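A look at the structure
Listed below are the residues making up each chain.
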Amino acid sequence: LVDAVNGKNAKELLEAFATAFTTAESCDWYAEMTMTVDDFSMTQTISMKLFDGEFALAMGTDGEVMEIYFVDDVLYMNTFGEKMQIPADSIDEILGEGALESFLHMAEGFEVSDAELAAAADAKIYRLDDKYIVTLHYVNEETDLAETSKYYFNAAGEMTEAESISDAGYALITVHSYNKPVEINPPADADEYIPVEGGEGNDTPVILPEDEDAIYALYADLCTISDEELKKWNITFKKIPRDIAKV
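So, here's what we can say about the structure. Quick caveat, the model's predicted, so the values are computed rather than measured.

Observations regarding the environment of Lys49
Topologically, Lys49 is positioned in strand β2 (residues 40-51). In this structure, the C-alpha to C-alpha distance between Lys49 and Trp29, residues 20 residues apart in sequence, is 6.7 Å.

Examining the pairing of strand β7 (residues 125-128)
Here is the key point about a regular strand: its side chains alternate between the two faces of the sheet. Where β7 and strand β8 (residues 131-139) come together, 4 bridges link them in antiparallel fashion. By the bridge assignment, Leu128 is partnered in β8 with Lys131. Hairpin connection from β7 to β8: 2 residues lie between these consecutive antiparallel strands, with Asp129 at a positive phi of about 55 degrees.

Digging into helix α1 (residues 10-22)
For α1, built from 13 residues, the straight-helix expectation of 18 Å at 1.5 Å per residue is met to within 8% by its first-to-last C-alpha distance of 18 Å. Restricting attention to buried positions, one finds in α1 the residues Ala10, Leu13, Leu14, Phe17, Ala18, Ala20 and Phe21. For α1, the N-terminal capping position is held by Asn9, with its side-chain oxygen 3.2 Å away from the main-chain nitrogen of Lys11.

Details of unusual backbone geometry
Even without a glycine there, the phi angle at Asp72 is positive, about 55 degrees. Mapped onto the elements, Asp72 comes out in the loop between β4 (64-71) and β5 (74-79). Here Asp72 falls in the exposed class, since its relative accessible area comes to 56%. In this structure, Asn179 is a non-glycine residue whose phi angle is positive, near 60 degrees. Along the chain, the position of Asn179 falls in the loop between β11 (169-178) and β12 (194-195).

Cut-offs used in this document
- Residues numbered from 1 in each chain as written.
- Predicted model: local features only at pLDDT ≥ 70, side-chain atom pairs only at ≥ 80, totals over all residues.
- Heavy atoms only, no water.
- Helix = DSSP H or I, 4+ residues; strand = E, 2+ residues; numbered from the N terminus.
- Pairing = 2+ DSSP bridges.
- Expected span 1.5 Å × (residues − 1).
- Buried < 20%, exposed > 50% of the residue type's maximum accessible area, 1.4 Å probe, protein only.
- Polar contact = N/O pair within 3.5 Å; in protein donor to acceptor, adjacent residues only side chain to side chain.

Right, here's the structure in full:
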């Protein structure tokens, strides 16, 4: 048991992480979430790398994956098996103004909640080898379910991993870094992405699923991307656990 990590108690550690992570100009993180309600179960993964105007984003649901890379002035897009690459000076040139900011808002879905900060006021910090662990017990304000979260910090007070467990499922977030340089590369199978000429205005290519009427679902307890932006990708947001029973 320790009193502080790098001069910060449990609540201060979480507050510092929440501020740094959701305002970071660079990041590298991965999240895996398994939702289970009655006989319904689903696993969703999200990973993001961002640095110096380049980024890589991958979203998967039960093995179905959508990937977007912007590296070396080329946008690579894999929309559920449909792969293409488009030259561009910026991602906004292809996807519209504010597109990058919309993707970055995904990180805010993993911010520390007010309920967690309140629980952290009395939380203890335990050391296990080179990890410092803060365990929180609280009621999720969105779902009214009891949850347990574990936050893992290094000796510098940086969060490296988080777990969340409730009756609605389980989530694991691995934070490799934030506000540090991140190496971002094109997809390993970049040669399989079909070249498409970019354009301006109405000439900009529109990326759609093979079935234009298909609707893909994004399941989470929070989504900060606008409905308009989700509609561009034929994606609908399902709030968990509220909307699970409706599936």
